[in-house]
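Here's the letter readout for the chains.
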Amino acid sequence: MIFGGRFADAVFGRKQLFALIALIATGAGFAVGMSSEKAIWEGWVTDRLFQIRALVVGVDRQERAPVLVVGLDQTSLASDRLAPIPRVLMTPVLAEAGQAVLDAGALALGYDFVFAYSADDFVDPSTGDSRLSGFDLPFQRFVYQNRGRVFIAHTEVGVPHRTFSAAAGQGGVRSVIVSTDSDGVVREHTPSLPLSQSPHLVDAVLGLAEADIGKKYTAIPSARLATSVPYLSLIDVLDLLESEQGRAQLERFVEGRVVLFGGLLPYEDEHLYSDRFLPPQADGAVETGPSGRPRVQPQTAGVFILADLVASALSGRVAFEPPAGFQPGLAIVFALTGALAGLFLPLSLLPVVAVGGVMCGLGIGLAGLEFGILPAPGAAPVAFVSSLVLAGVGKVGLLQRRQRSLVRLFGHYLAPDVIKHMARSEQLPELGGDTRNVVVAFIDIVGFTKMSERLADTDVVRVVNACFDEIGKVITTHEGYIDKYIGDAIMAVWNAPNSVEEPERAAVDASIEIIELLDHLRVITGQEQLDLRIALNQGPVLVGDIGGEHRRSFTVMGTTVNTASRIEAVAKDKKVRLAVSQSVAEKLPGTYRALEIWTGQLRGLSTGISVFTLDRPEMFMEPTDSLPAPNTGDSRSRLVRFPS
């Protein structure tokens, strides 16, 4: 009952420890996962999710893209019409093209140009005459007449010339500054409400297009913007104006769309955008003017980014932050799952499980894009892996603790090697065993029956336990294993279950040391007449688990064991403290002088056997000159030297 209670307490304590490890791992995983939000690598993961989505879902097919880009590209600048004109003096051309797209039905028009210089400020260096005075009037007039529909840009370092700002009026100059994440990549936009009064050009044109957007959003591109945004070169717009058919084609390009003008020369106004890992759109799959499109650059032109921020909001191709509590709840679920997996799954599976948890977390992020939600893509996977690792480490520590506890608790009953094997395998050994050559010892307390008659039961137990404790220490020191206690006797084994290099010598050395303990045993027990008798035999035995599924015992069995118990009778008859079989004596080094004390056939055996002791005074219970003669008829015992 006491043992059962202790066992139950141990089980309960282990459950509590598992729960504590799970709690700590979950909490730590949650904290690490949530701290990974906005980490510099998280944007890279987001862009990879866009890439996976593009490969799985494909390019978003819309009936009609809501934004058109008109580009001042290399083709336009190299055209016969525009080649002679410096870029700073393009305002009349831009006014003509802008009026054309408004007449063609554009909802709003934005110029991603900073008109920082006015032609009125340029003078002839030789005469000082303002030869270009009034050159910008067509553009200024165009902007003034279309206030509220046409917007010009300013940046961190550039603002329009005062004449252009005056023409655009209040609200006509808007910011084209784009915000980047911690890794320098543009992914999201935060509208300022009301849109009509926002300082951003993106918000201004969204307001005119009657967009229903009011909070921060992340645009979800599905292909490289340079290949997927409807596009006309500036020279295409001018050329289409020259014919009725061309104007009709321009109307098909422009009607009902937001139009953005911008520069598309390589390495000018380029940014990293979340389309950087996406595949290009196939040629001919998106509306493009006669002059074609500029080639795709490593980075994305600013006007394309503005166009995508507008187009994604108008077409619903956006993702918002998840509702309050969603991200922490998801991180807790993943952290708890990782902790349980680390505790209860085999350690060999944990790397595979970690990969699976990461893929599951990314899968949830990928699925969220289809519902317009973008949870922090790294929070759930990081929470899972962190808690998995911590729980796995805790599990390893717990298993080691359990192994140490098993060895400590059951080391008094089973061999430590057997217990360690059971702890590692977490299962009982198979019933049965193997044949091994061992040395078997029977160590008997002499006179136990008479002693038990005159002592109280508690004193008898005290004496026996004191003897067994001291003898057991010696056996263990010499690599022996105590197989069992048989009343007042100990059965010990060398070379099972552990391996002993010289089991015969180890057993004899242990026997000598035990006999030398006699005076000490007599003192601690208070029994002056206490004596010991030891019998040793070497040979093959069956070593292993004997019994059934409900009760079993690790022991050794066989004729070798029976012979050892019979040799003890010879020791008693010859009044020696140590009696060993010839199979033991002949394996001893030459320095061990063996005396043959008996030869004959032991009870229950069919063959003869010789029994020996050591030629040392302490081996004899009586003086050697009064020893009985051996059965051979000799008057004294025979000294035998076996070859080393």
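Preceding this paragraph is the structure being described.
From a predicted model like this one, the values you see are computed outputs, not experimental measurements.

Engineer: Quick question: what am I supposed to make of the layout of surface pockets here?
Structural biologist: Space left empty within the atom packing is revealed by a probe, the size of a water molecule, rolled over the atoms. In this structure, the second largest pocket spans a volume of roughly 730 Å³. Lining the second largest pocket are 31 residues; nearest its centre among them are Arg87, Asp112, Phe113, Val114 and Phe115. When contributions to the lining of the second largest pocket are tallied by element, the ones reaching two or more residues are helix H4 (91-103), strand S10 (270-273) and helix H11 (302-315). For the lining of the second largest pocket, the leading source of residues is H11, giving 3 residues. The residue inventory of the lining of the second largest pocket, partitioned by class, reads 17 nonpolar, 9 polar and 5 charged.

Engineer: Any chance you could explain the pattern of salt bridges here in plain terms?
Structural biologist: Where charged atoms from two side chains of opposite charge approach closely, those side chains can pair. Taken as a whole, this structure holds 27 salt bridges when the rule is applied. Between Arg187 and Asp181 there is a salt bridge, with the nearest N and O atoms lying 2.9 Å from each other. Take Asp181: its relative accessible area is 23%, and that puts it in the partly exposed class. Where Arg247 meets Glu244, a salt bridge forms, and the shortest distance between an N and an O atom there is 2.7 Å. With Arg247 and Glu244 both in helix H10 (residues 244-254), this residue pair falls 3 residues apart, about one helical turn. You can call Arg247 partly exposed: its relative accessible area is 35%. A network of salt bridges, in which partner residues are shared, links Asp47, Asp181, Asp183, Arg187 and Arg276.

Engineer: Help me understand the packing of aromatic side chains in this model?
Structural biologist: Within a pair of aromatic rings, the relevant descriptors are the distance that separates the centres and the angle that separates the planes. Under the defined criterion, the tally for this structure stands at 14 aromatic pairs. With a centroid separation of 6.0 Å and 75 degrees between ring planes, the pair formed by Tyr111 and Phe115 is classed as edge-to-face. Taken together, a centroid distance of 5.8 Å and an interplanar angle of 70 degrees make the contact between Phe139 and Phe164 edge-to-face. Of this pair, Phe139 sits in helix H5 (residues 137-145) while Phe164 sits in helix H6 (residues 162-168), placing them 25 residues apart in sequence. Here the two residues Phe139 and Phe164 agree in accessibility, since each one is buried. In this structure, Arg48 is placed above the aromatic ring of Phe277, and the distance from its NZ or CZ to the ring centre is 3.8 Å.

Engineer: Can you help me understand the sheet that holds strand S7 (residues 217-219) in this one?
Structural biologist: As a general point, the strands of a sheet are linked pairwise by backbone hydrogen bonds and lie either parallel or antiparallel. With antiparallel pairing, 3 strands are arranged side by side in an open sheet as S6-S7-S12. If you trace the sheet from one side to the other, it starts and ends with strand S6 (188-189) and strand S12 (318-319), each paired once. Here S7 runs beside S12; their pairing, made up of 2 bridges, is antiparallel. Directly across from Thr218, in S12, lies its bridge partner Ala319.

Engineer: Help me understand the nonpolar core in this model?
Structural biologist: Counting 58 residues, the largest nonpolar core has Ile475, Trp494 and Leu536 as the members making the most contacts within it. No other element matches the 8 residues that helix H17 (residues 457-477) contributes to this core. Excluding its chain neighbours within four sequence positions, the residues that come into contact with Trp494 are Val438, Val439, Ala441, Ile475, His478, Glu479, Gly480, Pro503, Ala506, Ala507 and Ala510.

Basis of the calculations
- Residues numbered from 1 in each chain as written.
- Predicted model: local features only at pLDDT ≥ 70, side-chain atom pairs only at ≥ 80, totals over all residues.
- Heavy atoms only, no water.
- 1 Å grid on protein atoms, 1.4 Å probe; cavity = no way out; pocket = protein on both sides within 12 Å on 5 of 7 lines; lining within 4 Å.
- Points joined across faces, edges and corners; volume = space filled by probe spheres on them.
- Helix = DSSP H or I, 4+ residues; strand = E, 2+ residues; numbered from the N terminus.
- Nonpolar A, V, L, I, M, F, W, Y, C, P; charged D, E, K, R; others polar.
- Salt bridge = Lys/Arg side-chain N within 4 Å of Asp/Glu carboxyl O.
- Buried < 20%, exposed > 50% of the residue type's maximum accessible area, 1.4 Å probe, protein only.
- Phe/Tyr/Trp six-rings, centres within 6.5 Å; stacked < 30°, edge-to-face > 60°.
- Lys NZ or Arg CZ within 6 Å of the ring centre and 35° of its normal.
- Pairing = 2+ DSSP bridges.
- Core = buried A, V, L, I, M, F, W, Y, C linked by side-chain atoms within 4.5 Å.
- Contact = heavy atoms within 4.5 Å.

Shape is all these values report; function is a separate question.
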